[in-house]
Amino acid sequence: MSRVCKIILVCEGWRDSAFARGFLEAAGVDSRSLDLKMNPGGSGHDWVKTQFVQEAANLARFAEGRGVLGLLDEDGQGAAVREKDVADRLRERELGTISARDGRCLLLPARNLETWLHWLIAQQSGSSLRVDETTDYKNAGPPGSQRVGDEDCRPAGKYLHSLNHTQPPDGCPSMLARGLGQLRDFLSAVRR
Amino acid sequence: MFTRCYADNYRCLANFTLPLEPLSVLLGPNGSGKSTVLILIANLRDFILGRGKSLDLFPPQTLTRWDKRIEQTFELGLRLEQGEYLYRLRIRHEAPERALNKVVEETLNLNGQPLFKADDEKIQLFNDTHHPGPELLADWHVSGISRINVRGDNLKLMAFRRAIESTFVLALNPALVSAISKEKQPVTIPMRDCSDFADWLKYISTAEVLARQEAEQSLAQGGLPGFRAFQADPSGDAEILQCIFQPKLKFRLDELSSGQIALIILETALAVVGEGHGVLMLDEPGNFLGLSEVQPLLTRLQDAALEGRFQVVLTAHHPLAVDFLAAGFGSWLEREPSGTTRVHPIRVAENVEGEKAGLRVSDLIARGWLSGLGLTNKEPPAESDSDLSTKLPNAESPS
């Protein structure tokens, strides 16, 4: 009667976690080997940054070779600043760098997860929807898009797994293409 | 799915309204009324389905002790594809000392239009276009809805009854679970403590084959390593439910540990409710489970509810459940000195920021620092009981 937790998933909310879990499930990762950390309230961005670094520290101390996967939406400063902020925090605690190959994977939508969801759902249904990575689609999607509901998050993550990370389809949001590559590296790291 | 439950003059529930969402988590101190809500819904279900009489399901002991009124009122709101249903039941205890009561009102409306109406004299049936149909004599102690047969023109009422049939309310007590199946009648809905699990599984094995297979598969891949399948061995007039483990080990259900029995029941319930897109209400599902099993269970319940596969209502004291689900899904139940239960949505953000930052919700509850309005006990909410039910819908926005 045991559950060996191999991946700590750090997310702001259920939608982010469902998307990431969809990808991992499609990759054959047993959902029971995940431990979810979701923001209980308050400022989500800072919580994800803090928790990601803390879990990286926990992994270094207790479970070498396993992984922490985070998803961090836009906080008004741009993806590069977000990434640097987390990288600085890791460096301050001598925890290395953000590196999916080393089991520390941080997904960074240029704006938020909804951009990726709209594009993936459209792709899956055979439509070639164009998305603007800098537009906020949380309340309304791009012209011609379908409504994105909670029930779409895991399927979108699963569909992402089916894409070729070395040659993503035309129009794939650049940060999603980057995230797909990171996720492949991350899977290799946690399966070692 | 259920959208609300109302009760007046039932145990600690007086003029009490609980809004229900696809996922609702009821939190609160011991004796605050969380389990009472689930027991009430189970009893209303059993009454509507004809599984019990008003005399048994709503005895005089269920009247609020300090309330002198002799009538109890209950309402259930349900949202189905046909629209918004409202079921209302009023029971009068005319001779509580002799445990006598009678149904004085039972109605079912769909989008405000009648589908069924009964008082203590007659039952008025309505067809699907809400036109009056035949009249029947009322039975004082039995739901009129349970007595109606399926016709071509009452499909909306039957949809309501099917939804009620798909409501499972469980408060597991593995020590009471028997491996012996001896019921001759099919057990379509288990008892709250699931002591009749073996009988329920027997029914599932014939009527819900896919659900049984799914439960077996989930157990084998999840919390019961080595588990392969259930097996019913004949024993006289009864059957003994055995659990087969690899390589060739066989254990009676009641030989397993409490945690293993709880897992078996929960996996089976998840599979059955998932097949029927029903409602699963669990009283303290984290009880008996190992710590590492709790979060996977909560994640699956949350996924099922938010992805629209079935509705989930939980009561929880377990810190993992509280911290995982209180934000966004939690309702705080508490009893006032006068004794009635009040409910508030939990606004976690107000409690984890500011002066109480850094504390988990379970810490706040353990220290008695959390109330539903994000206030300490020094600043109790000002509304009276009668105000509360009308103010609840507006209580969504931060105070």
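Heads up: the structure comes first, above all this text.
Residues numbered from 1 in each chain as written. Chains lettered and ligands numbered in written order. Predicted model: local features only at pLDDT ≥ 70, side-chain atom pairs only at ≥ 80, totals over all residues.

A. Region of interest: the overall build of chain B. If you tally the helices and strands in chain B, you get eleven helices and 18 strands. When the 399 residues of chain B are sorted by exposure, 46% land in the buried category. In chain B, once contacts between residues fewer than 6 apart in sequence are set aside, the share between residues at least 24 apart is 59%. (Helix = DSSP H or I, 4+ residues; strand = E, 2+ residues; numbered from the N terminus. Buried ≥ 20, exposed ≤ 12 C-beta atoms within 10 Å, placed from the backbone. Contact = placed C-beta atoms within 7 Å.)

B. Spotlight on the sheet that holds strand β5 (residues 83-95) of chain B. Residues and elements named next belong to chain B. Across the sheet, eight strands lie side by side as β2-β1-β4-β5-β6-β7-β8-β9; this open sheet has antiparallel pairing. Sheet topology places β2 (16-19) and β9 (132-137) at the edges, where each strand pairs with a single neighbour. Along the sheet, successive strands turn relative to each other by an average axial angle of 15°, direction set aside. Relative to β5, strand β4 (residues 71-80) is paired through ten bridges, and the arrangement is antiparallel. Within β5, the residue paired with Glu75 across the bridge is Arg88. (Pairing = 2+ DSSP bridges. Axes fitted to C-alpha atoms, helices over the stretch in contact; angles between N-to-C directions.)

C. Focus on unusual backbone geometry. In this chain, Gln246 of chain B is followed by Pro247 of chain B through a cis amide linkage whose omega measures -5°. Within the secondary structure, Pro247 of chain B sits in the loop between β13 (238-245) and β14 (249-252). Even without being glycine, Glu94 of chain A reaches a positive phi, approximately 55°. Position of Glu94 of chain A among the secondary structure elements: in the loop between α3 (79-92) and β4 (104-107). Using a count of 8 C-beta atoms within 10 Å as the deciding quantity, one classes Glu94 of chain A as exposed.

D. The arrangement of the packing of helix α5 (residues 209-221) of chain B against helix α6 (residues 258-276) of chain B in detail. Residues and elements named next belong to chain B. Two elements in contact, α5 and α6, have axes whose closest approach is 8 Å; the angle formed by their N-to-C orientations is 140°. Relative to α6, α5 is oriented oblique. Between α5 and α6 lies a crossing whose hand is right-handed. Side by side, α5 and α6 meet where Leu210, Ala211, Glu214, Ala215, Ser218 and Leu219 of the first sit next to Leu263, Ile264, Glu267, Thr268, Ala271, Val272 and Glu275 of the second. In terms of residue class, the contact of α5 with α6 is built from eight nonpolar, two polar and three charged. (Parallel < 35°, antiparallel > 145°, perpendicular 65-115°, else oblique. Left-handed = near helix turned anticlockwise from the far one by under 90°. Nonpolar A, V, L, I, M, F, W, Y, C, P; charged D, E, K, R; others polar.)

E. The arrangement of the environment of Ala57 of chain A in detail. Along the polypeptide, Ala57 of chain A turns up in helix α2 (residues 44-62). Excluding its chain neighbours within four sequence positions, the residues that come into contact with Ala57 of chain A are Arg93 and Leu95 of chain A.

F. Fine view of the environment of Glu334 of chain B. Residue and element names in this part refer to chain B. Summarising the element assignment, Glu334 is placed in strand β17 (residues 330-335). Judged by C-beta crowding, with 18 C-beta atoms within 10 Å, Glu334 ranks as partly exposed. In the structure, Glu334 is positioned 65 residues away from Ala269 in sequence and 29 Å away in space, judged by C-alpha atoms.

G. Structural view of the sheet that holds β17 of chain B. Residues and elements named next belong to chain B. Strand order in the open sheet formed by six strands is β10-β15-β16-β3-β17-β18, and the pairing between neighbours is mixed. Two strands bound the open sheet, and with one partner strand each, they are β10 (167-170) and β18 (341-345). The average undirected angle you get between the axes of adjacent strands in this sheet is 15°. In terms of strand pairing, strand β3 (residues 23-27) meets strand β16 (residues 311-315) through four bridges, oriented parallel. Within β16, the position partnered with Leu26 by the bridge is Thr315. Across the face of the sheet, helix α7 (residues 291-306) comes into contact with β3 and β16 while running at roughly 140° to β16.

H. Broad picture of helix α1 (residues 14-26) of chain A. Residue and element names in this part refer to chain A. Compared with an ideal rise of 1.5 Å per residue, which puts 13 residues at 18 Å, α1 spans 18 Å between its outermost C-alpha atoms and is within 8% of the ideal. Burial runs high along α1: eleven of the 13 residues are buried. Looking only at α1, the buried set comprises Trp14, Arg15, Asp16, Ser17, Ala18, Phe19, Ala20, Arg21, Gly22, Phe23 and Leu24. A positive phi of about 90° marks Gly28, the residue just after α1. (Expected span 1.5 Å × (residues − 1).)

I. Here's a closer look at helix α8 (residues 319-329) of chain B. Summarising burial for α8 of chain B: nine of the eleven residues are buried, a large majority. If you check which residues of α8 of chain B are buried, you get Ala321, Val322, Asp323, Phe324, Leu325, Ala326, Ala327, Gly328 and Phe329 of chain B.

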